[in-house]
Amino acid sequence: MANTIEIVEQMSYLIFFRRLEVTDSDNERKAKAKGEKYTSIFKGHEDCSWSHFNNMNAEDMLKHVRDVVFPFVKELDGDQDTLYAQYMKESRLTIVVPSLLQEAVSIFDEINISSHSHDVQGDIYEELLGELQQTGKNGQFRTPRHIIKMMVSLVQPQIGEKVCDPACGTGGFLFNAYEYILTQHTSEKNLKDGNLVGDKIVQKKHWDILHNETYTGYDSETVMVRIAVLNMILHGIAQPNITIKNSLSKSFDQNKKYDIVLANPPFAGAMNTSDVNENFTLGAKKTELLFGELFYNILDSGGRAAIIVPAGVLFGSSNAHLKLRKMLLEKCQLDAIVYLPSGVFK
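Note that the coordinates shown come from a computational prediction; the quantities given were computed from them, not determined experimentally. (Residues numbered from 1 in each chain as written. Predicted model: local features only at pLDDT ≥ 70, side-chain atom pairs only at ≥ 80, totals over all residues. Heavy atoms only, no water.)

### Quick look at empty space enclosed by the protein
Take a probe with the size of a water molecule and roll it over the atoms, and the empty space left behind shows itself.
So, step 1. In total, this model carries two cavities of 30 Å³ or more according to the counting rule given.
So, step 2. There is about 40 Å³ of room inside the second largest cavity.
So, step 3. Lining of the second largest cavity is provided by Phe 17, Leu 20, Phe 42, Cys 48, Ser 49, Trp 50, Phe 53, Val 69, Phe 72 and Val 73.
So, step 4. Elements with a contribution of two residues or more to the lining of the second largest cavity: helix H1 (4–33), helix H2 (50–53) and helix H3 (58–74).
So, step 5. When residues in the lining of the second largest cavity are grouped by element, the largest group, three residues, is from H3.
So, step 6. In terms of residue class, the lining of the second largest cavity is built from nine nonpolar, one polar and no charged. (1 Å grid on protein atoms, 1.4 Å probe; cavity = no way out; pocket = protein on both sides within 12 Å on 5 of 7 lines; lining within 4 Å. Points joined across faces, edges and corners; volume = space filled by probe spheres on them. Helix = DSSP H or I, 4+ residues; strand = E, 2+ residues; numbered from the N terminus. Nonpolar A, V, L, I, M, F, W, Y, C, P; charged D, E, K, R; others polar.)

Shown next, in the form of structure tokens:
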């Protein structure tokens, strides 16, 4: 397989299949400990569990995963444990070499990704997503982690604030915002031991806010949404609010409802005039300009943003460029422009 994004997508499915069985076993164990009844999600479909197909011969495994496991997963209800299944409705197995699937399955068995902490699971997946960097134009798929961390630390997200990335790609800004908050609320001893546990967050309602209400992402590509959702789940956010939607289009709700915007939107694109949301006032078609106005439109009063823009946004001389800079200087409090040297996204 030559297409990196397809490879990552197929590996995401395998990670999800593995997690599904582990989560099911965990839930069964917890229910037993509480003396409650539990019905396995594999009831009547025991042959769809990882431990059923992981020892098959290569030919049988390929046929079974393609014709039995994928259809089963597409029918799962989208509750907390199977949320990812909602995004798999159009998914399919594109691995066609039986020995390749068998080898991938045996490697995932060896890594046993679900037995690790969320930190390690997230790091393993991040390593995988690092491969996307080579295929994206202008870093459209993935912003390097050290740059994301710098941007997150500049806006300093807090519990109770709503964070949005309207062009979220693999979800890097969102889970780094989550990790920043956890770091601020983890005791020094745990931080020294490398345990990002948020032990200073004692109220259940604060955990509920963090896991269910804080992070929102949009992306127009189904594949990226699938990857981002799994990325968030692997980093410990059980209910990631990530939606397939073009945030520049007419169907996008531009209400001022977010406290923080973190984004590295795709550059060098242009929208069809007929698709552009009527809330835009710049009269532009270029995506980097439209995104600039979008961030302003969706931020609540007093909200803050750290965003990446190409140098053209700062120096372009068209009316739309001038209008956007006027908006930044007159309607916003522009604190700083951090100039990144060329090659930094490599």
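### Looking at the pairing of strand E3 (residues 241–244)
So, step 1. Where strand E2 (residues 215–219) lies against E3, four bridges are found, and the strand directions are parallel. Note on E3: the bridge partner recorded for Tyr 218 is Thr 243.
So, step 2. For the crossover that starts at E2, traverses helix H11 (residues 222–234) and ends in the parallel E3, the hand is right-handed. (Pairing = 2+ DSSP bridges. Right-handed = clockwise from strand over helix to strand, strands pointing away.)

### Let's talk about unusual backbone geometry
So, step 1. Phi is positive for Gln 156, which is not a glycine, with a value near 50 degrees.
So, step 2. Within the secondary structure, Gln 156 sits in the loop between helix H7 (145–155) and strand E1 (163–165).
So, step 3. Assessed through its relative accessible area of 42%, Gln 156 is described here as partly exposed. (Buried < 20%, exposed > 50% of the residue type's maximum accessible area, 1.4 Å probe, protein only.)

### Here we look at the nonpolar core
So, step 1. Residues Phe 17, Val 65, Val 73, Leu 101, Tyr 215 and Leu 262 are the most contacted members of the largest nonpolar core, which totals 69 residues.
So, step 2. Of all the elements, H11 adds the most residues to this core, at nine residues.
So, step 3. Excluding residues that lie within four positions of it along the chain, Leu 262 makes contacts with Met 151, Val 152, Val 155, Val 163, Cys 164, Asp 165, Phe 173, Ala 177 and Ala 306.
So, step 4. Residues Phe 280, Leu 289, Phe 295 and Ile 298 belong to the second largest nonpolar core, which totals 24 residues. (Core = buried A, V, L, I, M, F, W, Y, C linked by side-chain atoms within 4.5 Å. Contact = heavy atoms within 4.5 Å.)

### Re the pattern of salt bridges
So, step 1. In this structure the tally under the stated criterion is 10 salt bridges.
So, step 2. Ionic pairing is found between Lys 189 and Asp 193, a salt bridge with its closest N-O pair at 3.0 Å.
So, step 3. Asp 193 sits in the partly exposed class, given a relative accessible area of 46%.
So, step 4. Among the ionic pairs, Asp 253 bridges to Lys 257, the shortest N-O distance being 3.4 Å.
So, step 5. Judged by its relative accessible area of 35%, Lys 257 falls in the partly exposed class. (Salt bridge = Lys/Arg side-chain N within 4 Å of Asp/Glu carboxyl O.)

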